[in-house]
Amino acid sequence: MADTTTDPTTDLTTRLTALAADPAARPLLVALDFDGTLAPLQDDPSASRILPAGVEVLAALAALDGVVLALVSGRAMGDLHALAQVPPGTYLIGSHGAERARVTQFGLDRDVVELTHEQADRLAALGARTAAVARGRDGVWVETKPTAVVVHTRLAERDVADAAEAEAVALGGELGVGTMHGKDVVELSVLPADKGTALQALRHELGAPVVLYAGDDVTDEHAFAALDADDVTVKVGPGDTVARFRVADPEAAVAALATLRDALV
């Protein structure tokens, strides 16, 4: 767990101000989780929206020379794009890194995801087996992605959710697929992917010497751990973390981004 100071917000403000003043930190990659980081968590995932102030600050950051914006989410790419409200030029990394695209004025410029026949068969098997996990359990449902299935438990009673999540994790081990256990979700993927690997791949493509990454979930710990000592990692909300800074909630995360914007202008 990261060592927190008595005033982490002040420390983060100091770090962001110094980052903005450092010309060697360009291009600066500003990469952000979506749910729980820019958008308050909702019981109905389709109701999630970036805070209005967040839409404004992301547009301002993306318009600055030397800043590249990315969203890094567990959501499927189509879902993320529909809800994101981000400007053209933004990179979208979906399904924890299994999908990637860039927002253009005319839609998405996607990297093509292709499954082998074996992977496609395994994905179909996952769909059937996870449907059985959800069957008969109120508040548990299954989402199918291009490379994964996700067991959602946010609407279930805690004992029901715990049982469903345990079954889903065991299923991942039985079938030998990638398993990620996050907040009220278990994702089972037929393609190896995690946010840290995807984020490092993007930063190397861009030649970004510094990355700012903020996230709230246990799956974001992969990204925090993959980044370097000079990068800025921000945990949003409570919980153990290896991130170097912490803010309380999405409102505070957006305020930190506004601090960076103001220092860069």
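Residues numbered from 1 in each chain as written. Predicted model: local features only at pLDDT ≥ 70, side-chain atom pairs only at ≥ 80, totals over all residues. Heavy atoms only, no water.

**Thoughts on the overall build of the protein chain**
Phase 1 of the analysis: The secondary structure content of the protein chain amounts to eight helices and 12 strands.
Phase 2 of the analysis: Overall, the C-alpha framework of the protein chain stretches about 55 × 40 × 30 Å when taken along its three principal axes.
Phase 3 of the analysis: Looking at the 265 residues of the protein chain, the share that counts as buried comes to 48%.
Phase 4 of the analysis: Relative to all contacts within the protein chain whose residues are 6 or more apart in sequence, the contacts with residues 24 or more apart total 55%.
Phase 5 of the analysis: On the protein chain, roughly 11700 Å² of surface is accessible, and the fraction owed to carbon and sulfur atoms is 54%.
Phase 6 of the analysis: Distance between charge centroids for the protein chain: 2 Å, based on 21 positive and 40 negative side chains. (Helix = DSSP H or I, 4+ residues; strand = E, 2+ residues; numbered from the N terminus. Buried < 20%, exposed > 50% of the residue type's maximum accessible area, 1.4 Å probe, protein only. Contact = heavy atoms within 4.5 Å. Areas by Shrake-Rupley, 256 points an atom, 1.4 Å probe, with all protein chains shown as cover. Lys, Arg positive; Asp, Glu negative; His and termini not counted. Charge placed at Lys NZ, Arg CZ, Asp CG, Glu CD.)

**Re the layout of surface pockets**
Phase 1 of the analysis: The space that makes up the largest pocket amounts to roughly 440 Å³.
Phase 2 of the analysis: Taken together, 25 residues make up the lining of the largest pocket; nearest its centre are Asp35, Arg75, His152, Arg154 and Val185.
Phase 3 of the analysis: Listed by contribution, the elements that provide at least two residues to the lining of the largest pocket are strand S6 (141–144), strand S7 (148–152), strand S8 (178–182) and strand S9 (185–189). (1 Å grid on protein atoms, 1.4 Å probe; cavity = no way out; pocket = protein on both sides within 12 Å on 5 of 7 lines; lining within 4 Å. Points joined across faces, edges and corners; volume = space filled by probe spheres on them.)

**Re helix H5 (residues 158–175)**
Phase 1 of the analysis: The terminal C-alpha atoms of H5, which comprises 18 residues, lie 26 Å apart, in line with the 26 Å expected from a rise of 1.5 Å per residue.
Phase 2 of the analysis: Residues of H5 that are buried include every one of Ala161, Ala164, Glu165, Ala168, Leu171 and Gly172, and no others. One face of H5 carries all of its buried residues, which in axial projection span an arc of 120 degrees. Across from the buried face of H5, at angles greater than 90 degrees, the exposed residues are Asp159, Gly173 and Glu174. (Expected span 1.5 Å × (residues − 1). Arc of directions from axis to C-beta.)

**A word on unusual backbone geometry**
Phase 1 of the analysis: Arg26 connects to Pro27 through a cis peptide bond whose omega is 0 degrees.
Phase 2 of the analysis: Along the polypeptide, Pro27 turns up in the loop between helix H1 (8–20) and strand S1 (28–32).
Phase 3 of the analysis: Of note, His96 is a non-glycine position whose phi angle comes to about 60 degrees, a positive value.
Phase 4 of the analysis: You can see His96 is positioned in the loop between strand S3 (91–94) and strand S4 (99–104).

**Details of the packing of helix H2 (residues 52–62) against helix H8 (residues 250–264)**
Phase 1 of the analysis: Following both chains from N to C, one finds H2 and H8 inclined at 30 degrees, their axes separated by 10 Å at the closest point. One way to sum up the angle between H2 and H8 is to call them roughly parallel. For the pair H2 and H8, the sense of crossing is left-handed. In contact with Ala53, Gly54, Val57, Leu58, Ala60 and Leu61 of H2, H8 contributes Val254, Leu257, Ala258, Leu260, Arg261 and Leu264.
Phase 2 of the analysis: Across the contact of H2 with H8, the residue classes break down as 10 nonpolar, one polar and one charged. (Axes fitted to C-alpha atoms, helices over the stretch in contact; angles between N-to-C directions. Parallel < 35°, antiparallel > 145°, perpendicular 65-115°, else oblique. Left-handed = near helix turned anticlockwise from the far one by under 90°. Nonpolar A, V, L, I, M, F, W, Y, C, P; charged D, E, K, R; others polar.)

**Some remarks on the side chain of Glu165**
Phase 1 of the analysis: Mapped onto the secondary structure, Glu165 falls in helix H5.
Phase 2 of the analysis: Owing to a relative accessible area of 6%, Glu165 belongs among the buried residues under this scheme.
Phase 3 of the analysis: Apart from the residues within four sequence positions on either side, Glu165 is in contact with Thr153, Arg158, His181, Asp184, Val185 and Val186.

**Thoughts on the pairing of strand S10 (residues 210–215)**
Phase 1 of the analysis: Along S10, six of the six residues are buried, which leaves the element largely enclosed by surrounding structure.
Phase 2 of the analysis: Along S10, one buried face is formed by Val210, Leu212 and Ala214 and the opposite face, lined by Val211, Tyr213 and Gly215, is buried too.
Phase 3 of the analysis: With five bridges joining them, S1 and S10 adopt parallel strand pairing. By the bridge assignment, Leu28 is partnered in S10 with Val210.
Phase 4 of the analysis: The sheet contact formed by S10 and strand S11 (residues 232–236) spans four bridges and is parallel. Of the residues in S11, the one forming a bridge with Gly215 is Lys235.
Phase 5 of the analysis: What joins S10 to S11 is helix H7 (residues 221–226), and the crossover it makes is right-handed. (Pairing = 2+ DSSP bridges. Right-handed = clockwise from strand over helix to strand, strands pointing away.)

**Observations regarding the pattern of salt bridges**
Phase 1 of the analysis: Tallied over the full model, the rule gives 19 salt bridges.
Phase 2 of the analysis: One salt bridge connects Asp111 with Arg100, and the closest N-O pair in it is separated by 3.5 Å. Placement of the pair is Asp111 in the loop between strand S5 (107–110) and helix H4 (117–134) and Arg100 in strand S4, with a sequence separation of 11 residues.
Phase 3 of the analysis: When its relative accessible area of 43% is taken as the criterion, Asp111 is described as partly exposed.
Phase 4 of the analysis: Taking the shortest distance from any N to any O, the salt bridge between Asp220 and Lys195 comes out at 2.7 Å. Taken together, the residues span a long stretch of sequence, with Asp220 in the loop between S10 and H7 and Lys195 in helix H6 (residues 195–206) at a distance of 25 residues. Across the pair, Lys195 and Asp220 agree in class, each one buried.
Phase 5 of the analysis: Each of Arg154, Arg158, Asp162, Glu165 and Asp184 takes part in salt bridges that share partners, so that together they form one network. (Salt bridge = Lys/Arg side-chain N within 4 Å of Asp/Glu carboxyl O.)

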